[in-house]
Amino acid sequence: MTQFKHFYDAGQGEPQPGGGLKSAYFIYGGEYMSFQMSRDSEMIYRGSTFGKEILDPDCPPIWHSTACRVADMDDYDFANNGGKYYYNRTAAPNRDMLGDAVSFMESGEASIITSSGMAAISTTLLTNLKTGDHILSSKSIYGETIELMDGLLKNMGIVTDYADFTDLDDVRAHITPETKILYTEIISNPLIRVTDIDAISAIAKEIGALTVVDNTFSTPFVIRPLEHGADIVIHSLTKFFGGHSDITGGSITASKAIIDRMNPNFLLLGGCMDPNTAWLALRSIRTMKLRVERQMENAAKLADALSKDGRVRYVNYPTMSCHPQHELAERLLTKGCGPMLSFRVEDSREKVNAFIRALSMVQYLGTLGGYRTSLAHPATAFRNEFTPEQLKAMGLEEGLIRISVGIEEPEDIIGDIVNALSVFDA
Ligand SMILES: Cc1ncc(COP(=O)(O)O)c(C=O)c1O
């Protein structure tokens, strides 16, 4: 029977970006002692110790452990003050590594990595607002963000008004003395409208409000909102960061001062990402530029082809000269207009359904941002939450179809969609 005890390095490692210590998660070996464990107990301890340290693996490990051992109360105090990792929800190596990468990509100082995009949005709003505060939001944003604002937040006495963020006079007209957040997406879902983020951030600064941007549709390869005066940038990492339709996650990136202020309440709200997902997200980021650039090229080609098809009423994509913010997009979105587009066909549920069924390659999915082209029907996605009149007012017509363009050969994407459009011939 083996005699051993675990020993721990109580805080002599190098400080890491996430606040932990290098040695705190590598040094954890075995040392003999006089106490003899029974065979049955030993069975549940064996396999926990490394024979030697593993330093600098090319691919980072996944630290699944819910907790890291603490040596004594002094060590616990040290951990509790950010000295080392000790409890997963409080801080975890894989989340910190992902946060470091996302902060860099978005030109921020620090990030909070959340369990979903909605966790990032709700955490941002709940930790920056109090009863009586006012949000001024673009009216062209993700439907569930509107549901959050008009439901839970309203019940807590945080009121949201919606303005046309492509019209700066309309934005100014909706500001109140209580406005604390200007909330927008830069490329909006699903109408692909473009927000002049420099102008919106300037208005927010004038009134002492924060500019919060959901950059999910744009990605940092199109624009980095913090470089344009925004204070907080949010992502649903579920989409282009994940890129393979196999993770759910979110991020909040800002200055260190803002993140430090939000973090204690984020820990209490509890919406942290698990280590396995953080590892997968970081792996996906390594090829994100290649994917997104190819997706943008394909999107521009698809938009062009659809705009020439008589069965398509209009295409929402900022490269089109008829797009309402085409000039702004040319000035602002110099690296490309993103992988998302929408187009409108005849407002017939039957024919749109037949179109969806006629597609061979493109799939109908309740997500976006994967490497394969997928389609969504925005009106159907929000039929349970909004009345038909509200849907129309939001621009979600029956004939509106949204496409998340993938990395396939462009002629295959165009061919499949144009072929299926034949259902509108009759
Ligand atoms: C623009 C945008 N923001 C936020 C979200 C929410 O992200 P998640 O589903 O990861 O919570 C979505 C989801 O589709 C989205 O499209």
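Residues numbered from 1 in each chain as written. Predicted model: local features only at pLDDT ≥ 70, side-chain atom pairs only at ≥ 80, totals over all residues.

## As for the environment of Phe 241
Alright, step 1. With respect to the helices, strands and loops of the structure, Phe 241 is situated in the loop between strand E8 (232–236) and strand E9 (250–254).
Alright, step 2. Judged by the 27 C-beta atoms lying within 10 Å of it, Phe 241 is buried.
Alright, step 3. Once the C-alpha coordinates of Phe 241 and Ser 284 are considered, the two residues, 43 residues apart in sequence, prove to be 6.4 Å apart.
Alright, step 4. Residues contacting Phe 241, with those up to four places away along its chain left out, are His 235, Ala 281, Ser 284, Ile 285 and Met 288. (Helix = DSSP H or I, 4+ residues; strand = E, 2+ residues; numbered from the N terminus. Buried ≥ 20, exposed ≤ 12 C-beta atoms within 10 Å, placed from the backbone. Contact = placed C-beta atoms within 7 Å.)

## Quick notes on the site of the ligand
Alright, step 1. Close to the ligand lie 13 residues; Ser 116, Gly 117, Met 118, Ser 236 and Thr 238 are nearest.
Alright, step 2. Looking at the shell around the ligand residue by residue, the class counts come to three nonpolar, eight polar and two charged. (Near = placed C-beta within 6 Å. Nonpolar A, V, L, I, M, F, W, Y, C, P; charged D, E, K, R; others polar.)

## Some remarks on the sheet that holds strand E6 (residues 179–185)
Alright, step 1. Taken together, seven strands build an open sheet; the order of strands is E3-E9-E8-E7-E6-E4-E5 and the sheet is mixed. Sheet topology places strand E3 (110–114) and strand E5 (159–163) at the edges, where each strand pairs with a single neighbour. Here the average twist between neighbouring strands, direction ignored, is 20°.
Alright, step 2. Two strands pair when backbone bridges link them, and E6 and strand E7 (residues 210–214) are joined in this way by five bridges, in the parallel orientation. Counterpart to Leu 182 in the pairing with E7 is Thr 211.
Alright, step 3. Sheet strands in contact with helix H3 (residues 93–105) are E3 and E9, and its direction is about 125° off that of E3.
Alright, step 4. The strands touched by helix H5 (residues 143–155) within the sheet are strand E4 (134–138), E5 and E7, with E5 carrying the most contacts at an inclination of about 150°. (Pairing = 2+ DSSP bridges. Axes fitted to C-alpha atoms, helices over the stretch in contact; angles between N-to-C directions.)

## Some details on helix H9 (residues 275–285)
Alright, step 1. Regarding H9, the residues found buried are Pro 275, Thr 277, Ala 278, Trp 279, Leu 280, Ala 281 and Leu 282.
Alright, step 2. For H9, the elements touching its buried residues are H3 and E3.

## Focus on the nonpolar core
Alright, step 1. Ranked by size, the top nonpolar core spans 100 residues in total, and within it Ile 232, Ala 303 and Leu 341 carry the most contacts.
Alright, step 2. A per-element tally of this core places helix H10 (residues 288–307) first, with eight residues.
Alright, step 3. Setting aside residues no more than four positions away along its own chain, Ile 232 makes contact with Thr 124, Leu 210, Val 212, Ile 252, Ala 254 and Ile 258.
Alright, step 4. Membership of the second largest hydrophobic core comes to five residues, among which are Trp 63, Tyr 85, Ala 91 and Ala 92. (Core = buried A, V, L, I, M, F, W, Y, C linked by C-beta atoms within 7 Å.)

## A closer look at H3
Alright, step 1. Along its 13 residues, H3 runs 19 Å from first to last C-alpha, staying within 8% of the 18 Å computed at 1.5 Å per residue.
Alright, step 2. With respect to burial, H3 is a largely interior element, 10 of its 13 residues being buried.
Alright, step 3. Pro 93, Asn 94, Arg 95, Asp 96, Met 97, Leu 98, Gly 99, Val 102, Ser 103 and Met 105 are the residues of H3 that are buried.
Alright, step 4. If you follow the buried residues of H3, they end up packed against E3, E9 and H9.
Alright, step 5. The first or second residue beyond H3 is Ser 107, which carries a positive phi of 55°. (Expected span 1.5 Å × (residues − 1).)

## Topic: the sheet that holds strand E13 (residues 374–376)
Alright, step 1. Across the sheet, which stays open at both edges, the five strands sit in the order E10-E11-E14-E13-E12 with mixed pairing between neighbours. The two strands at the open ends of the sheet, each matched to only one other strand, are strand E10 (314–316) and strand E12 (363–364).
Alright, step 2. Pairing between E10 and strand E11 (residues 340–344): three bridges, direction antiparallel. For Asn 316, the partnering residue across the bridge sits in E11 and is Ser 342.
Alright, step 3. Relative to the sheet, H10 contacts E10, E11 and strand E14 (400–404), its axis offset from that of E11 by approximately 10°.

## A closer look at the pairing of E11
Alright, step 1. With four of its five residues buried, E11 lies for the most part within the structure.
Alright, step 2. Pairing geometry for E11 and E14, over five bridges, is antiparallel. Residue Arg 344 lies in a different strand from E14, and its bridge partner there is Leu 400.

## Some words on the domain arrangement of the protein
Alright, step 1. Here the domain parsing of the protein yields domain 1 (1–90), domain 2 (93–285) and domain 3 (288–424).
Alright, step 2. Using C-alpha coordinates to define each centre, domain 2 is positioned 24 Å away from domain 3.
Alright, step 3. The interface is formed by 26 residues belonging to domain 2 together with 34 residues belonging to domain 3.
Alright, step 4. Secondary-structure elements contributing two or more residues to the side of domain 2 that touches domain 3 are H5 and H9.
Alright, step 5. Broken down by class, the residue content of the side of domain 2 that touches domain 3 amounts to 12 nonpolar, 10 polar and four charged. (Domains from an automatic or database assignment.)

## Examining unusual backbone geometry
Alright, step 1. Residue Pro 190 is reached from Asn 189 by a cis peptide bond, and omega for that bond is 0°.
Alright, step 2. With a phi close to 70°, Thr 219 is a non-glycine residue in the positive phi region.
Alright, step 3. Taking the number of C-beta atoms within 10 Å as the measure of exposure, Thr 219 has 30 and is therefore buried.
Alright, step 4. Here Ser 245, not a glycine, exhibits a phi torsion of approximately 55°, which is positive.
Alright, step 5. Inspection of the secondary structure assignment puts Ser 245 in the loop between E8 and E9.
Alright, step 6. For Ser 245, a count of 17 C-beta atoms within 10 Å translates into the label partly exposed.

## Topic: the pairing of E3
Alright, step 1. Counted residue by residue, E3 has five buried out of five residues, so it is predominantly covered.
Alright, step 2. Burial along E3 is two-sided: the face carrying Ala 110, Ile 112 and Thr 114 and the face carrying Ser 111 and Ile 113 are both buried.
Alright, step 3. Bridge analysis of E3 against E9 gives five bridges, and the strand direction is antiparallel. By the bridge assignment, Ser 111 is partnered in E9 with Thr 253.

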